[in-house]
Amino acid sequence: MTALLELENVRAGYGPTAVLHGVSLSVPESGVVSLLGANGAGKTTTLRAITGGVRWTGDIRLGGRSLRGKPTEDVVRAGVAHVPEGRGILTELTVDENLRLGSHLRRDGAEVRKDYDRVFEYFPVLKERRRLSASTLSGGEQQMLALARAFLMRPRLMLLDEPSLGLAPMVVRAIFEIIKTINQTSRVAVLLVEQNARIALELSSTAYVLEVGRVAVQGESAELKGDESVRRSYLGY
Ligand SMILES: Nc1ncnc2c1ncn2[C@@H]1O[C@H](COP(=O)(O)OP(=O)(O)O)[C@@H](O)[C@H]1O
Ligand SMILES: [Mg+2]
């Protein structure tokens, strides 16, 4: 498969503090790739590099084109939807208003309406609560809203930062099922950042494990899941 996203020897950090020390990874068209690793390994920083939120060197390419020097807005327009750590929901707005932030750049009105129908099929609870303030949603519902908003951008690639964080196991299951459905029916590629390696490896085809800003292990998800030494050393279960 052709790579949709490629990171090549990416170094990044905050001011004088280097965090990523040469990260290379790739996400195929329509693929699901996990980026795993302990707290502080550099997972969020990797996503921020892709979206232009931190300075980086090396190269990052989307569909073969370098994202070097591109501001976040251009990366978004090129088809990258970022669901950040903490979800990025605007709690002073209603559910509907949050959703419209996802679709507002689109000019394909008929398709947008179909995508709203799909969103309410995936997340019926959002339909019920459309007119309510997003602050009334539970943590799981806010994660659903963040995913729905990202989906409404019709991205080629979704960057998901710890969608399971702080949620009950059953809610996590439901959310991962929907991520799978979105990937399979809309062919959106997913780069999934998770500390919850077990559930991430069930969804992804390939995975990378970051350790202090370097890729320590990479391989097929099924193999990593079955490799006891990898599990014990890097995945913590
Ligand atoms: N805004 C920031 N300013 C300075 N250092 C940061 C900032 N954000 C993260 N870091 C540091 O970068 C390292 C990697 O963080 P992060 O990418 O958030 O890791 P992860 O998402 O894997 O937990 C950590 O040591 C963290 O303290
Ligand atoms: Mg993080």
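Our structure's up above, just so we're on the same page.
Residues numbered from 1 in each chain as written. Chains lettered and ligands numbered in written order. Predicted model: local features only at pLDDT ≥ 70, side-chain atom pairs only at ≥ 80, totals over all residues. Heavy atoms only, no water.

**Q** Would you take a moment to explain the overall build of the chain for this structure?
**A** For the chain, the helix and strand inventory stands at 10 helices and 10 strands. In summary, the chain has a C-alpha radius of gyration of 17 Å against a globular reference of 18 Å for 237 residues, a match within 12%. For the chain, the proportion of its 237 residues judged to be buried stands at 49%. When contacts within the chain are restricted to residue pairs at least 6 apart in sequence, those whose partners lie at least 24 apart make up 68%. Taken as a whole, the chain presents about 11300 Å² of accessible surface, with 48% of it coming from carbon and sulfur. Taken together, the 31 basic and 27 acidic charged side chains of the chain have centroids lying 3 Å from each other. (Helix = DSSP H or I, 4+ residues; strand = E, 2+ residues; numbered from the N terminus. Rg over C-alpha atoms; globule rule 2.2 N^0.38 Å. Buried < 20%, exposed > 50% of the residue type's maximum accessible area, 1.4 Å probe, protein only. Contact = heavy atoms within 4.5 Å. Areas by Shrake-Rupley, 256 points an atom, 1.4 Å probe, with all protein chains shown as cover. Lys, Arg positive; Asp, Glu negative; His and termini not counted. Charge placed at Lys NZ, Arg CZ, Asp CG, Glu CD.)

**Q** For this particular structure, what's the right way to read the coordination of the magnesium ion (ligand 2)?
**A** Geometrically, a metal with four donors at the corners of a regular tetrahedron has ideal angles of 109.5 degrees, and one with six donors at the corners of a regular octahedron has ideal angles of 90 or 180 degrees. Summarising the metal site, the magnesium ion (ligand 2) is bound by the protein donors Thr44 (OG1) and Glu85 (OE), whose distances to it range over 2.0 to 2.4 Å. Of this pair, Thr44 sits in helix H1 (residues 43-50) while Glu85 sits in the loop between strand S6 (80-83) and helix H3 (95-103), placing them 41 residues apart in sequence. Overall, Thr44 belongs to the buried group, its relative accessible area being 16%. Look at Glu85 and you get partly exposed, because its relative accessible area is 42%. (Donors = N, O, S within 2.8 Å, 3.2 Å for Na, K, Ca; no water.)

**Q** Help me understand the pairing of strand S2 (residues 17-28), please; the structure alone is not making it clear to me.
**A** For a regular strand, side chains alternate in direction, first toward one face of the sheet and then toward the other. When strand S1 (residues 3-14) meets S2, the two strands line up antiparallel, connected through 9 bridges. Pairing of Ala3 across the sheet is with Pro28, part of S2. What sits between the antiparallel neighbours S1 and S2 is a turn of 2 residues, in which Gly15 has the positive phi angle 55 degrees. (Pairing = 2+ DSSP bridges.)

**Q** I keep staring at H3 and nothing clicks. Help me out?
**A** Side chains three or four residues apart in an α-helix point the same way, a direct result of the helix having 3.6 residues per turn. Among the residues making up H3, those that are buried are Val95, Asp96, Asn98, Leu99, Gly102 and Ser103. The buried side chains of H3 occupy one side of the element, clustering within an arc of 160 degrees when seen end-on. The inward-facing, buried residues of H3 contact helix H4 (109-122), helix H5 (124-128) and helix H6 (139-151). (Arc of directions from axis to C-beta.)

**Q** I keep staring at the pattern of salt bridges and nothing clicks. Help me out?
**A** Side chains bearing opposite charge may pair, as long as their charged atoms lie close to each other. All told, the structure shown has 15 salt bridges when counted by the stated rule. Residue Arg61 pairs with Glu8 through a salt bridge whose shortest N-O separation is 2.8 Å. One end of the pair, Arg61, is in strand S4 (residues 56-62); the other, Glu8, is in strand S1, with 53 residues separating them in the sequence. Using a relative accessible area of 41% as the deciding quantity, one classes Glu8 as partly exposed. Asp115 is the partner of Arg106 in a salt bridge, and the nearest nitrogen-oxygen pair spans 2.9 Å. Since its relative accessible area comes to 13%, Arg106 is described here as buried. (Salt bridge = Lys/Arg side-chain N within 4 Å of Asp/Glu carboxyl O.)

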